[in-house]
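Descriptive structure summary
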Amino acid sequence: MSIKDLSIKYKLLLLISLPLLFIIVLIFSKSITIFQEISKYSTLSEKIDSAIEISNYIDSNQKERDFSSYSFTNSDNTLKNLNTIFSLNDNNYKLFSSKFIEKDNLSNKEIENINFLNEQNKKLVQVREKINNQNIKFDDLLDFYSKTNKNLLELLSRVSSLSDDPEITNEINTYYNFIYLKEKASIERAIGTDTFFRKDYSSETYFNFLDSISLQKNLMETFSDFSDNKILEEIHTSNKNSFENLNKMRDKLVNFRVKTLLLTNIKNLIDNELLNNYRNYVQKINPIYKMNVIKAISSMEESIKQYKKFGSLNDDEEKVLKDLKDLMDDISTKIDLIEDQLNSKDIDFEIMDKLSKINYQNQRNDLSNLINDFLNVQSTYWFEEYSKRIDFLKNSEDKLANTLINLINDKKNNLIYSNIFFLFVIIFMFIIILSIVYKINLTLKDAINKLYYGIEDFMKYINKEINELNYISYDSDDELGRLAKMMNKNIDLTNGNLEKDLLCVGEATITLDKIEKGLPNIKSKTPKIRKSMRN
């Protein structure tokens, strides 16, 4: 059966059903999309929870590494707290592991990271035993815990790939970079503690130390460029004094090798070049020695100039450099006085004898002390001061995590609320349209039925199948209403003609009856009957 063979009622129903079906499909499709988006945010929230567990495990791992290195410098007080730190780290490892029991949804690289971490955890018992016995090298201790954290950071870095929202992705990257920054800060704390204790770096930790500082600087700059968080502002206000002290100690650690090298070079210049050539010049009056003195002073000035480029100067450094300058000025002045004596007619040997004497012992002692005790900071003080910075970074890290969680929840809730409103509007419109469609359909159906049955009765009435004809009871100004009025006019016209015909037939019957009875003066009101009577 084709569409043209359908009844008008079904054609109307088909016409109305298509937009309603489209709206139903739209609602269903939108609901699926909303559900998928909400599921993405829910999955992302779960991943962020896992990321927080990873960050907590990294933090406790940092504490175990740094406090273990600290225990080598302050064993009496620190070893007592290590068991508590070990327990905390074990607990965080269990919480971390519980988030990654199911490996079905993990990539090969993630599985590789987790397997490595599990192997590291198995080795932890032996490492702790060595720590308690203080039978482990600092380099080995640093390497073991740093490898663990490196794998944890690799796991953490994959969280950002789960988000397709630029704002959330930016916050996830900020959070990750801040955790990475804190790891580098923790490494700096551990290396600094060991270096201040030993008064020198262990093996290649110097380059590791410089690398941690450089990365922290870059990460801080990136953080300030891409985050509107107030963390950096807090660093420069509430923690200003503590961080300034750390920067001074950091300058010592960064620059002490090159500075002690320059100071040693200056000391050798004084002992081997400056003073020896000066004495020879006074005794032998040879210009070559004078040139060597001037050359030694020039080299010292260049070394001092280079020295001042490497960080700020503390009071001890200022004093030593001032004494060195005074020494060079003193020798330069004495050379001029010697020249005056040599150019005079009568040389005063008593003056020459005084000029030959240089009192350098006090300056030598100060210079030697500065070289030998350049790292004159207690390792415990460095550790305690740096721990304040680590605690601040941890608090800031937790704030970033809360900001990230709140952002995801806000996005999720906004999505739910906005789309619930959208669906409500669509459903409300659907109900209104359905009501209108139902009303129109009902009205059309009623009008068509009334017209159909009205026309049917009219035809029956004309064909004398029925004796009574009623009006079509549909009052409207639309096309069907005008058609109904037209039919009602025809019904009136037809009824009037039939009534006249019936009157004519009735009068004709009466007239014929009178004629048959022979009644005189028969008259008729009907023209046709009167005409027939005349004929």
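Report on the accompanying structure. (Residues numbered from 1 in each chain as written. Predicted model: local features only at pLDDT ≥ 70, side-chain atom pairs only at ≥ 80, totals over all residues. Heavy atoms only, no water.)

1. Topic: the pattern of salt bridges
If you walk through the whole model with that rule in mind, you get 30 salt bridges. Between Glu112 and Lys109 there is a salt bridge whose closest N-O contact spans 3.7 Å. In this pair, Glu112 and Lys109 are both assigned in helix 3 (residues 108-132), 3 residues apart and thus about one turn of the helix distant. Close ionic contact of Glu339 with Lys290 constitutes a salt bridge, the shortest N to O distance being 3.3 Å. Of this pair, Glu339 sits in helix 10 (residues 315-343) while Lys290 sits in helix 9 (residues 287-309), and the two are 49 residues apart along the sequence. On the basis of relative accessible area, Lys290 is assigned to the partly exposed category, the value being 22%. (Salt bridge = Lys/Arg side-chain N within 4 Å of Asp/Glu carboxyl O. Helix = DSSP H or I, 4+ residues; strand = E, 2+ residues; numbered from the N terminus. Buried < 20%, exposed > 50% of the residue type's maximum accessible area, 1.4 Å probe, protein only.)

2. Let's talk about the side chain of Asn277
With respect to the secondary-structure elements, Asn277 resides in helix 8 (residues 240-284). Take Asn277: its relative accessible area is 8%, and that puts it in the buried class. A polar side-chain atom of Asn277 sits 2.6 Å from the main-chain carbonyl oxygen of Glu273. Among the polar contacts made by the side chain of Asn277, one reaches the side chain of Asn292 at a distance of 3.1 Å. (Polar contact = N/O pair within 3.5 Å; in protein donor to acceptor, adjacent residues only side chain to side chain.)

3. A word on the packing of aromatic side chains
Enumeration over the complete set of coordinates arrives at 14 aromatic pairs. Aromatic side chains Phe67 and Phe383 sit 5.0 Å apart centroid to centroid with 85 degrees between the ring planes, which places their arrangement in the edge-to-face category. One end of the pair, Phe67, is in helix 1 (residues 8-71); the other, Phe383, is in helix 13 (residues 379-462), and 316 residues separate them in sequence. When the centroid spacing of 5.2 Å and the interplanar angle of 90 degrees are considered together, the rings of Phe144 and Tyr145 count as edge-to-face. You can call Tyr145 buried: its relative accessible area is 0%. These aromatic residues form a ring-pair network of at least three members: Tyr201, Tyr206, Phe207, Phe209 and Phe256. Positioned over the ring face of Tyr206 is Arg257, at 5.0 Å from the centre of the ring. (Phe/Tyr/Trp six-rings, centres within 6.5 Å; stacked < 30°, edge-to-face > 60°. Lys NZ or Arg CZ within 6 Å of the ring centre and 35° of its normal.)

4. Examining helix 3
The terminal C-alpha atoms of helix 3, which comprises 25 residues, lie 36 Å apart, in line with the 36 Å expected from a rise of 1.5 Å per residue. A maximum bend of about 40 degrees is found in helix 3 at Leu124. Every buried residue of helix 3 is listed here: Glu110, Asn113, Ile114, Leu117, Gln120, Leu124, Val127, Arg128 and Ile131. At the C-terminal side of helix 3, Gln134 shows a positive phi close to 50 degrees. (Expected span 1.5 Å × (residues − 1). Bend = angle between axes of the 7 residues up to and from the residue.)

5. Some details on unusual backbone geometry
Positive phi, normally seen in glycine, also occurs at Gln134, with a value near 50 degrees. One non-glycine residue with positive phi stands out, namely Lys199, at about 65 degrees. In this fold, Lys199 is placed in the loop between helix 5 (166-198) and helix 6 (205-226).

6. A short note on the environment of Ile427
Summarising the element assignment, Ile427 is placed in helix 13. The sequence separation of Ile427 and Ile24 amounts to 403 residues, and the corresponding C-alpha distance is 8.8 Å.

7. Remarks on the nonpolar core
If you look at the biggest cluster of nonpolar residues, it comprises 101 residues, and the most contacted ones within it are Phe96, Ile270, Leu274, Tyr278, Leu324 and Ile331. Among the elements that take part in this core, helix 8 stands out by supplying 16 residues, more than any other. If we ignore the near neighbours within four places in the chain, the residues touching Tyr278 are Val293, Ile331, Lys334, Ile335, Ile338, Leu355, Ser356 and Ile358. Counting residues in hydrophobic clusters, the runner-up holds 11 residues, among them Leu124, Val127, Ile136 and Phe144. (Core = buried A, V, L, I, M, F, W, Y, C linked by side-chain atoms within 4.5 Å. Contact = heavy atoms within 4.5 Å.)

8. A look at a nonpolar patch on the surface
A surface patch of nonpolar side chains, amounting to about 650 Å² of accessible area, comprises Phe424, Phe428, Met429, Ile432, Ile433, Ile436 and Ile440. Within the secondary structure, Ile432 sits in helix 13. (Patch = residues over 30% accessible without salt bridge, like charges linked within 9 Å, V, L, I, M, F, W, Y side chains within 5 Å. Areas by Shrake-Rupley, 256 points an atom, 1.4 Å probe, with all protein chains shown as cover.)

9. Things to note about the packing of helix 4 (residues 138-157) against helix 5
Relative orientation of the contacting elements helix 4 and helix 5 amounts to 175 degrees, with a least axis distance of 11 Å. Between helix 4 and helix 5, the crossing angle belongs to the class labelled roughly antiparallel. Between helix 4 and helix 5, the residues in contact are Phe138, Leu142, Ser146, Asn149, Leu153, Leu156 and Ser157 and Tyr176, Ile179, Tyr180, Glu183, Ile187, Ala190, Ile191, Asp194 and Arg198, respectively. A class-by-class count of the residues in the contact of helix 4 with helix 5 yields 10 nonpolar, 3 polar and 3 charged. (Axes fitted to C-alpha atoms, helices over the stretch in contact; angles between N-to-C directions. Parallel < 35°, antiparallel > 145°, perpendicular 65-115°, else oblique. Nonpolar A, V, L, I, M, F, W, Y, C, P; charged D, E, K, R; others polar.)

10. Points about the packing of helix 3 against helix 4
For the pair helix 3 and helix 4, the least separation of the axes is 10 Å and the interaxial angle reads 155 degrees. Classified by the angle their axes make, helix 3 and helix 4 are roughly antiparallel. For the pair helix 3 and helix 4, the crossing hand works out as left-handed. Counting all contacts with helix 3, which are made through Lys109, Glu110, Asn113, Ile114, Phe116, Leu117, Gln120, Lys123, Leu124, Val127, Arg128 and Ile131, the residues of helix 4 involved are Leu141, Phe144, Tyr145, Lys147, Thr148, Asn151, Leu152, Glu154 and Leu155. Residues of the contact of helix 3 with helix 4, tallied by class, amount to 11 nonpolar, 4 polar and 6 charged. (Left-handed = near helix turned anticlockwise from the far one by under 90°.)

11. A few points about the side chain of Glu397
Secondary-structure assignment places Glu397 in helix 13. Among all residues touching Glu397, those that are not within four sequence positions of it are Ser55, Tyr175, Phe178, Ile179 and Lys182.

12. Focus on a negative patch on the surface
Together, Asp315, Asp316, Glu318 and Asp373 give the surface a local cluster of negative charge. Among the secondary structure elements, Asp315 is positioned in helix 10. (Lys, Arg positive; Asp, Glu negative; His and termini not counted. Charge placed at Lys NZ, Arg CZ, Asp CG, Glu CD.)

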